[in-house]
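# Fold and geometry: a report
Each chain, written out:
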Amino acid sequence: MSPEFVVPFSGLQLRSLVREDGRLQLSLEEVPVPDPGPDEVLVRVEASPINPSDLGLLLAGADLSTLEAAGAPERPILTAEIPAAAMPGLAGRVGQSLPVGNEGAGTVVRAGSSAPAQALVGRVVAMIGGSMYCQYRSLAVPQCLALADGTVAADGASAFVNPLTALGMVETMRLENHRGLVHTAAASNVGQMLNRLCLTDHVPLVNIVRKREHVELLRAAGAEHVCDSSDAGFVDSLTEAIAATSATLAFDATGGGTLASQILTAMERAVSVGGPYSRYGSTVHKQVYIYGGLDRGPTELSRTYGMAWGVGGWLVFPAMERIGEQAAARLRQRVASELTTTFATSYAREISLAEALSPDVIAVYSSQATGAKYLINPSR
Ligand SMILES: NC(=O)c1ccc[n+]([C@@H]2O[C@H](COP(=O)([O-])OP(=O)(O)OC[C@H]3O[C@@H](n4cnc5c(N)ncnc54)[C@H](OP(=O)(O)O)[C@@H]3O)[C@@H](O)[C@H]2O)c1
């Protein structure tokens with residue numbers, strides 16, 4: 001930040017509105033730059049990722065083939081039709097112009113009177129707390145993570161959601177007495193982080209991907225067990241990998257379809273080898289946590305794996321609450337110190353707030369494909 005940098009009175013903020021007429025409206029609104037309270041800082045936002053969880057709030061399940069663009073190039077307004085079947089699930093947000101962006105990073109340009117707030121002036125911080133797709137964000141000191149001197153905002157933009165998710169999976173495994181993990185959509189940024197984390201911490205991991213090139217990608221990154229769900233012998237190779245790792249806990253990012261059920265089938269087969277037959281199945285508890293919704297279809301369970309199993313939902317921040325404040329703080333510090341190694345995120349492209357509302361750009365980042373994560377730099 002140059003010494004002559006002057007904080008303006010207002011800045012742009014990206015908004016997502018579900019209108020009563022069943023259309024999504026995306027826009028950039030001019031909002032006042034807030035004054036930080038005593039224990040708050042004002043951050044010039046310089047980097048904020050577009051994560052799958054942001055896409056849900058941003059795009060509200062709208063049909064992107066109906067996108068219509070209006071407004072000026074630097075202040076676009078987009079609208080799109082929301083399928084009628086999706087509207088009941090959006091009832092709670094109809095008519096509310098919502099800010100978007102779970103996390104980000106930037107430079108502290110002003111601070112409240114408290115000593116912890118003042119200590120952050122001029123520092124680059126990672127932030128969590130929503131409303132990050134804006135030029136200036138005021139937030140409480142505990143929502144910031146001060147990054148090491150010389151760290152650029154882009155490196156700190158994804159310091160919370162995905163790193164704590166990978167760490168939270170391993171913590172959940174330990175809390176629930178499992179000995180290894182299965183992970184789906186494993187070429188994702190979370191997946192690549194989890195792979196590095198498990199290699200470092202010697203946690204047995206079975207990676208599931210759906211494309212041959214992603215098997216290669218993870219193998220090149222040191223992964224021992226990578227199964228391709230598009231292979232004819234997928235459940236057999238998964239059973240072998242689960243038997244080799246004793247993994248009885250899976251985290252599934254896809255949610256829809258039969259993958260969770262295939263994992264439970266493979267786990268049951270792996271733990272039953274050589275054991276006595278029981279018509280109720282094995283007594284070993286097998287658990288799948290659905291932690292993403294990449295496949296929007298219904299979850300299909302065949303229930304051919306006895307009775308000792310569970311399928312549930314999992315979110316990172318409740319998982320952090322579960323392990324307690326001290327343990328969560330320790331994990332945050334680990335993220336800060338391994339930000340560009342274990343917990344590095346790769347971005348396909350950096351875009352401005354206005355570019356984030358270009359239909360061509362939306363078509364790419366909404367694909368949620370491997371290597372297609374975009375980073376918004378609102379200060380561009
Ligand atoms: N519950 C939580 O607290 C929490 C926290 C953080 C992240 N998440 C979830 O973690 C997942 C990964 O996030 P990320 O930021 O790492 O994503 P990312 O880097 O954008 O990668 C997305 C991945 O999903 C795969 N994918 C997309 N659609 C798919 C489908 N229908 N079936 C199978 N794979 C599909 C892509 O593979 P292809 O190239 O094969 O399409 C790609 O590897 C997301 O679902 C996100 O919501 C959840």
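Residues numbered from 1 in each chain as written. Predicted model: local features only at pLDDT ≥ 70, side-chain atom pairs only at ≥ 80, totals over all residues. Heavy atoms only, no water.

### Side note on the site of the ligand
By nearness alone, 25 residues border the ligand, and Arg210, Tyr291, Val316, Thr370 and Lys373 come closest of all. At 2.7 Å from an oxygen atom of the ligand is found a side-chain nitrogen or oxygen belonging to Arg210. In isolation the ligand offers 940 Å² of accessible surface; the protein chains occlude 90% of this area. Considering each element in turn, the shell around the ligand owes the most residues, three residues, to helix H4 (residues 161-175). (Near = heavy atom within 4 Å. Polar contact = N/O pair within 3.5 Å; in protein donor to acceptor, adjacent residues only side chain to side chain. Areas by Shrake-Rupley, 256 points an atom, 1.4 Å probe, with all protein chains shown as cover. Helix = DSSP H or I, 4+ residues; strand = E, 2+ residues; numbered from the N terminus.)

### Considering helix H6 (residues 212-220)
Taken residue by residue, H6 has His214, Val215 and Leu218 as its buried positions. Take H6 and look down its axis: the buried residues cluster within an arc of 110°, on one side only. Against the buried residues of H6 lie helix H5 (189-201), strand E12 (205-209) and strand E13 (225-228). Once H6 ends, the next one or two residues include Gly222, with phi positive near 100°. (Buried < 20%, exposed > 50% of the residue type's maximum accessible area, 1.4 Å probe, protein only. Arc of directions from axis to C-beta. Contact = heavy atoms within 4.5 Å.)

### Things to note about the domain arrangement of the protein
Taken domain by domain, the protein holds domain 1 (10-158 + 346-376) and domain 2 (161-320). Distance between the C-alpha centres of domain 1 and domain 2: 31 Å. For the domain 1 and domain 2 pair, buried surface summed over both sides reaches about 730 Å², with 52% attributable to carbon and sulfur atoms. There are zero salt bridges connecting domain 1 and domain 2. (Domains from an automatic or database assignment. Buried area = accessible area lost by both parts, 1.4 Å probe. Salt bridge = Lys/Arg side-chain N within 4 Å of Asp/Glu carboxyl O.)

### Considering the pattern of salt bridges
Enumeration according to the criterion identifies 16 salt bridges in this entry. Notably, a salt bridge pairs Arg269 with Asp236, separated by 3.3 Å at the nearest N-O pair. Residue Arg269 is found in helix H8 (residues 259-272), and its partner Asp236 is found in helix H7 (residues 234-245); the two are separated by 33 residues along the sequence. Take Arg269: its relative accessible area is 41%, and that puts it in the partly exposed class. Relative accessible area serves as the criterion here: at 47%, Asp236 is assigned to the partly exposed category. Where Arg380 meets Glu350, a salt bridge forms, and the shortest distance between an N and an O atom there is 3.7 Å. Of this pair, Arg380 sits in the segment after strand E20 (374-376) while Glu350 sits in strand E19 (residues 349-351); the two residues are 30 residues apart in sequence, bridging distant segments of the chain. For Glu350, a relative accessible area of 32% puts it in the partly exposed group.

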